[in-house]
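# Architecture and fold: a report
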Amino acid sequence: MNYTIAEKILLDHSNLNTLSPDQFIESEIDLIMVHEQLGGRIHEEYNKLGLDYVWDPDKIFFILDHWVPPPTISAAKMHQDCRSFANKYNFTHNMGQNKGICHQVLPEMGFARPGMLIVGSDSHTTTYGAFNCFSTGIGATDVSVVFATGKLWFKVPYSYKINLEGNFSEGVMAKDFILKFIGDISTKGAIYKSLEFHGDGAESLSIDGRMTIANMAVETGAKSGIFLPDNKLEAWLSKRTSKSYKFIKPDDNADYQKEFHYNLEELAPIVAKPNNPGNIANIEEVEGIEVNQAFIGSCTNGRLEDLRIAAKILKGKEISSDIRLIIIPASREIYLDALKEGLIEIFLEIGAVIGNSTCGPCIGGHLGVLGPNEVCISSTNRNFKGRMGHPNSKIYLASPATVAASAINGKITDPRRFL
Amino acid sequence: MDIIQGKVYIMGDDINTDDIVPSHSLTLRDACDMAQCACETIDPEFSTISENLNIIIAGENFGCGSSREEAVNVFKILGIKAIIAKSIARIYFRNLINLGIPGIILDWNKDDFSRSDEILISLEKGEVDNITKNKTITFEKLPPFLINILKKGGILNKIKETL
Ligand code: SF4
């Protein structure tokens, strides 16, 4: 046998004996994540099937996270539609609206375990690849198909192997690596591929860092971004779940369509300029660009590791009251941990706005919407035109360290100056 | 379904789902209202232009970004019959097929199509016939599995038969 991780997991979930890239297969789904899309197109599409059941209410993870609490009447109505659907079909894992962002809460609660095949009504469902899962985003109609049958068609992807070695130097983070990779390979460089992260560099990454990388794998066009299992993952899972799982490693002779090598030690802070996550620059090229807003949060970089480095940089500094510094822990659990560690106090003292755990400004929903020509430096994953507000506003993507340093100066700033 | 006829609307590279359906319109409860906002950052007139121009020809990585199926549904509401692009983002491609709209990968150049050109697409033959320019271009045919979903008018119709 010579299978990659993606191939192994897909094979495990189909009734085939072998498979190969480009083949169309049908696979059984272990878990499906849905958020506000449930009250968007999903309930509409599912109604067309006229079913009074879902295949397995125990395999659906439902959460409200994008517009929490609802900033508009229409968002509130959307939530009402979601809730009535979840109640009607007796969803077992109805997480409600106060736990945080889907891609943070689901793994935190032990729902993402090695070897699982997970889909979600959100493109950043790739995040669970950090937990040695095959996980990918799907649209509302696909969700309806899963709700009805528990199965979905897939085209088996080719895999790319990304070898990482070394450790980051101070002030450089997983976000800098993934931005660099997206810039190098381009936002179409891995369309339909599965990325597999190997090497001692990958092992040296924290679980938080792996999640950042798997999260943004989709920005290369990839279908999934998967990490190998190791002791760190095992230790993490032991605190989150008592369910059994099996580690999935690729075969020694697994076939990779392309291979890449990165030495993490050689990386420096990277920023993605508007309006494309692949439009990267080294920090020196963009230092000095003025910003109106700095945002640390989202499913990409709203975790404890991110808040810790931000606090280290921001502690005792002064932020001009002209700059909006918005900090949103990605989940209630992270918020509480940050509170206990004193990070929230540091943020409040310097004048940051701390939001409840929600997507918030990441999609321009609320809590920091950009006006015409405003510039934001953001720890999020997409800097598409108009994503955070007015179509003429501009978004620079960076690590939480770079965002924090930039908030202090009101200009894009190399975080290493403060470390 | 095999033959699709229409007029061409040209778009560039990396048209993302926020371009097609701006986030601010996502909570609108009426899909037709949402369709009025389609592609507003690219072309404020888009929702009216597509009455006449109903086949989109785009560059690389069409539909990249979010999984929001609204980004296909607004095109469906506005009467778009097919998308031809140099490459199409994965989730977007699935959403197109699932809603019964052909997504065709074709490496075209700017001499091949101009705005408003009248074209005929044959899915079975894998050909685009540009009637205005009197030119035929071939593309890699969609696999039968996907053609079958398109013929049924989308995957829900196919699923219904098995329930
Ligand atoms: S934080 Fe942003 S990218 Fe992540 S799920 Fe929410 S809206 Fe999507």
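Below or above, wherever it landed, is the structure these notes cover. For every chain, the first residue of its written sequence is number 1, and the numbers climb from 1 along that sequence. Going through the entries in the order they are written, you letter the chains from A and number the ligands from 1. Residues qualify for local features only when their pLDDT is at least 70, as the model is predicted, and side-chain atom pairs are given and counted only at 80 or more; totals for whole chains, interfaces and linings, by contrast, use all residues. Only hydrogens and water are removed before side-chain values are computed, so all heavy atoms of the structure are retained for them.

### Let's talk about the sheet that holds strand E3 (residues 82-85) of chain B
Residues and elements named next belong to chain B. Basically, it comes down to this: The rule for pairing is simple: two strands pair if DSSP sees at least two bridges between them. For helices the rule is a DSSP run of H or I covering at least 4 residues; for strands it is a run of E covering at least 2, with both sets numbered from the N terminus onward. To obtain an axis, a line is fitted to C-alpha atoms, over the contacting stretch when the element is a helix, and the angle between two such axes runs from 0 to 180 degrees between their N-to-C directions.
Taken in spatial order, the seven strands line up as E4-E3-E2-E1-E5-E6-E7 in an open sheet, and their pairing is mixed. With partners counted over all chains shown, the strands left at the sheet margins are strand E4 (103-105) and strand E7 (135-138), one partner each. Ignoring strand direction, the axes of neighbouring strands in this sheet form an average angle of 30°. The pairing of strand E1 (residues 3-10) with strand E5 (residues 118-122) spans five bridges and is classified as antiparallel. Considered in E5, the bridge of Ile3 is made with Ser122.

### Details of the sheet that holds strand E3 (residues 60-62) of chain A
Residues and elements named next belong to chain A. Strand order across the open sheet formed by five strands is E4-E3-E2-E5-E6, with parallel pairing between neighbours. With one partner strand each, in any of the chains shown, strand E4 (93-94) and strand E6 (134-137) form the two edges of the open sheet. Strand direction decides the pairing type here: strand E2 (residues 31-34) and E3, joined by three bridges, are parallel. Bridge assignment links Met33 to a residue of E3, and that residue is Phe61.

### Some details on the site of the ligand
Residues and elements named next belong to chain A. Defined as follows: The cutoff for a nearby residue is simple: one of its non-hydrogen atoms must lie within 4 Å of the molecule or strand. When residues are grouped by polarity, Ala, Val, Leu, Ile, Met, Phe, Trp, Tyr, Cys and Pro land in nonpolar, Asp, Glu, Lys and Arg in charged, and all others, Gly among them, in polar. An automatic or database domain assignment provides the domain bounds reported here.
Around the ligand, a shell composed of His66, His103, Asp122, His124, Ser298, Cys299, Cys359, Cys362, Ile363, Asn381 and Arg387 is seen. Split into classes, the residues belonging to the shell around the ligand amount to four nonpolar, five polar and two charged. Domain assignment of the residues forming the shell around the ligand places at least three in each of domain 1 (5-264) and domain 2 (269-418).

### Some thoughts on the interface of chain B and chain A
Put simply, the rule is: The contact definition used throughout considers only heavy atoms, calling two residues in contact when any of these lie within 4.5 Å. The quantity reported as buried area is the accessible area (1.4 Å probe) lost by two parts once they are put together, taken as the sum for both. Each salt bridge in this description consists of a side-chain nitrogen of Lys or Arg and a carboxyl oxygen of Asp or Glu lying within 4 Å of one another.
Contacts between chain B and chain A engage 36 residues on the former and 47 residues on the latter. Interface of chain B and chain A: buried area, both sides summed, is about 3,600 Å²; carbon and sulfur atoms make up 60% of it. Among the residues chain B hides against chain A, the three largest losses belong to B:Arg29, B:Arg90 and B:Arg94. Together they make up 22% of the total. Inspection of the region where chain B meets chain A yields four salt bridges. Of all the secondary-structure elements, those providing two or more residues to the side of chain B that touches chain A are helix H1 (17-20), helix H4 (70-77), helix H5 (90-98), helix H6 (144-151) and helix H7 (155-162) of chain B. It is H5(B) that provides the largest number of residues to the side of chain B that touches chain A, a total of five residues. Split by residue class, the side of chain B that touches chain A holds 13 nonpolar, twelve polar and eleven charged.

### A look at the nonpolar core
We count it as follows: Nonpolar cores were defined as sets of buried Ala, Val, Leu, Ile, Met, Phe, Trp, Tyr and Cys residues, with membership established by side-chain atoms within 4.5 Å. When accessible area is computed with a 1.4 Å probe and restricted to protein chains, residues below 20% of their type maximum are described as buried, those above 50% as exposed, and intermediate ones as partly exposed.
Counting residues in each nonpolar core, the largest one holds 106 residues, and the members touching the most others are A:Phe91, A:Phe147, B:Phe62, B:Phe75 and B:Ile121. If you tally residues by element for this core, the top one is helix H5 (residues 140-149) of chain A, at six residues. In this structure, A:Phe91 is in contact with A:Val34, A:Leu38, A:Val54, A:Pro57, A:Ile60, A:Phe62, A:Phe85, A:Ala86 and A:Phe147, ignoring residues within four places of it in sequence. Formed by 101 residues, the second largest nonpolar core is a distinct cluster that contains A:Met33, A:Tyr128, A:Leu314 and A:Ile412.

### A few points about the pattern of salt bridges
Residue and element names in this part refer to chain A. Overall, the coordinates contain 24 salt bridges over all chains when judged by the stated rule. Between Asp184 and Lys180 there is a salt bridge, with its nearest N and O atoms 3.2 Å apart. With Asp184 and Lys180 both in helix H6 (residues 174-185) and four residues apart, this pair spans about one turn of that helix. Glu374 is paired through a salt bridge with Arg324; the nearest N and O atoms lie 2.8 Å apart. Note that Glu374 is positioned in the loop between strand E16 (353-354) and strand E17 (375-378) and Arg324 in strand E15 (residues 324-327), a separation of 50 residues in sequence.

### What about the packing of aromatic side chains?
Residue and element names in this part refer to chain B. Let me state the cut-off plainly: Aromatic pairing here means that ring centres of Phe, Tyr or Trp (its six-membered ring) are within 6.5 Å. Orientation follows from the plane angle: under 30 degrees is stacked, over 60 is edge-to-face, and everything else is tilted.
In the structure shown here, the tally under the stated rule is 27 aromatic pairs over all chains. Residues Phe62 and Phe75 carry aromatic rings whose centres are separated by 6.4 Å and whose planes lie at 25° to one another, so their mutual orientation is stacked. Of this pair, Phe62 sits in the loop between strand E2 (55-58) and H4 while Phe75 sits in helix H4, placing them 13 residues apart in sequence. Residue Phe75 is classed as buried on the basis of its relative accessible area, which comes to 1%. When the ring of Phe62 is compared with that of Tyr92, the centres are 5.4 Å apart and the planes differ by 80°; the resulting orientation is edge-to-face. Taken together, the residues Phe62 in the loop between E2 and H4 and Tyr92 in helix H5 connect sequence positions 30 residues apart. This pair shows no difference in class: Phe62 is buried, exactly as Tyr92 is.

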